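Chain and residue survey
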Amino acid sequence: MVGSALVRKLQAEGYSNIIIRTSSELDLRNQAAVADFFAQERPDYVFLAAAKVGGILANNTYRAEFLYDNLLIESNIIHSAYQTEVKKLLFLGSSCIYPKMAPQPLKEEYLLSGYLEPTNEPYAIAKITGIKLCEAYRDQYGCDFISAMPTNLYGPNDNYDLNGSHVLPALIRKFHEAKVNDQPFVEVWGTGSPRREFLHADDLADACFFLMEHYNDELFVNVGTGEDVTIRELAELVKETVGFEGELRWNTEKPDGTPRKLMDVSRLHAMGWKHTTELKEGVERTYQDFLANEVLYVE
Ligand code: GDP
């Protein structure tokens, strides 16, 4: 999802010499394969969007893979970028790097000030390591490696597998299928009270491009909208967008995860960047994209 949004952004800006690889073409966990790729292609600018990602269930189930795969991907790419003298690298992290009980909204300096949310601790530890790798290669070798921490994302090419996906694509699929199949209710996980912030992937790509052009400092930058909603409000919005008329049923056997993770985006705003897609419009566009690509998204 993020990779394809970055490619759309770069193409819209007139770039044609974009080097991309799918995971089946290049296994980023393979150190030798990554080193060969960098030695052959010699990219100038690297957007490190690749990661093993997923929603609350996948993070909590595949804890070893979320840690191991992400550590390998980041280490291999960041080290190869250093060795081949990449001019600039942007590493993408996640808002789950912050302590579970950190004050809200989350300021960049709250990193490592408390315990993490248990359901995604392995992923968060890997992403914190990525930030620290960028900082360490900058400190020791002078590499211009920067990091951005996006909030929860959604958009075209999202993951719609209900066991692996995040909440927003999951709800689009569940409400759509319930409407089409005339089901009386949709099951939503948890209590509905956690709050989440959502950013459209095209806005993230725009912010990444902006930071690649304008930002050169060690401290990572939060990327979000600065606004959040409860999961209950999100569910109502998706229900209305899809046009489902049945009821919501809350499955409290499923975890809530962290109670809130609202980004403080004042540093990014002060630099002159702000998102353009509001949640209501973004969900509408994403539902249209889901309808157009349902056969691809739902196997
Ligand atoms: P998180 O932000 O890392 O917690 O990841 P998710 O996007 O997977 O979950 C966000 C919140 O939405 C959690 O409180 C979930 O319990 C809740 N949620 C409600 N229904 C669903 C669903 O169908 N799928 C997912 N992934 N989360 C859901």
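Up top is the structure these notes are about.
Here's what I pulled together on the structure shown here. (Residues numbered from 1 in each chain as written. Predicted model: local features only at pLDDT ≥ 70, side-chain atom pairs only at ≥ 80, totals over all residues. Heavy atoms only, no water.)

1. Description of the packing of helix α1 (residues 2-12) against helix α7 (residues 201-214)
To keep things clear, this is the line we draw: Between N-to-C directions, angles cover 0 to 180 degrees, with each direction set by a line fitted to C-alpha atoms, over the stretch in contact for helices. Secondary structure is summarised from DSSP: a helix means a run of H or I of at least four residues, a strand means a run of E of at least two, and numbering begins at the N terminus for each. Here the word oblique covers every angle except those under 35 degrees (roughly parallel), over 145 (roughly antiparallel) and from 65 to 115 (roughly perpendicular). Note: crossing handedness is left-handed where the near helix turns anticlockwise from the far helix by less than a right angle, and right-handed where it turns clockwise. What makes two residues a contact is simply this: any of their non-hydrogen atoms within 4.5 Å.
Put simply, α1 and α7 touch, their axes get as near as 8 Å, and they point 60 degrees apart. Viewed along their axes, α1 and α7 adopt a mutual orientation that is oblique. In this structure, the crossing between α1 and α7 has a hand that is right-handed. Of α7, the residues touching α1 (which contributes Val2, Ala5, Leu6, Arg8, Lys9 and Leu10) are Ala201, Asp202, Leu204, Ala205, Asp206, Cys208 and Phe209.

2. Notes on the sheet that holds strand β3 (residues 145-150)
To keep it simple, the criterion reads: Two strands are said to pair when DSSP picks up at least two bridges between them.
Strand order in the open sheet formed by four strands is β1-β2-β3-β8, and the pairing between neighbours is parallel. Both outer strands of the open sheet, β1 (45-48) and β8 (221-223), are each paired with one neighbouring strand and no more. Strand-to-strand twist across the sheet, computed as the mean angle between neighbouring axes with direction ignored, equals 20 degrees. Judged from the three bridges that link them, β3 and β8 form a sheet pairing that is parallel. Looking at β8, one finds that Met149 is bridged to Asn222. The sheet contacts of helix α4 (residues 63-83) involve β1, β2 (88-92) and β3, and relative to β1 the element is tilted by about 170 degrees.

The analysis is restricted to geometry; functional conclusions fall outside its scope.
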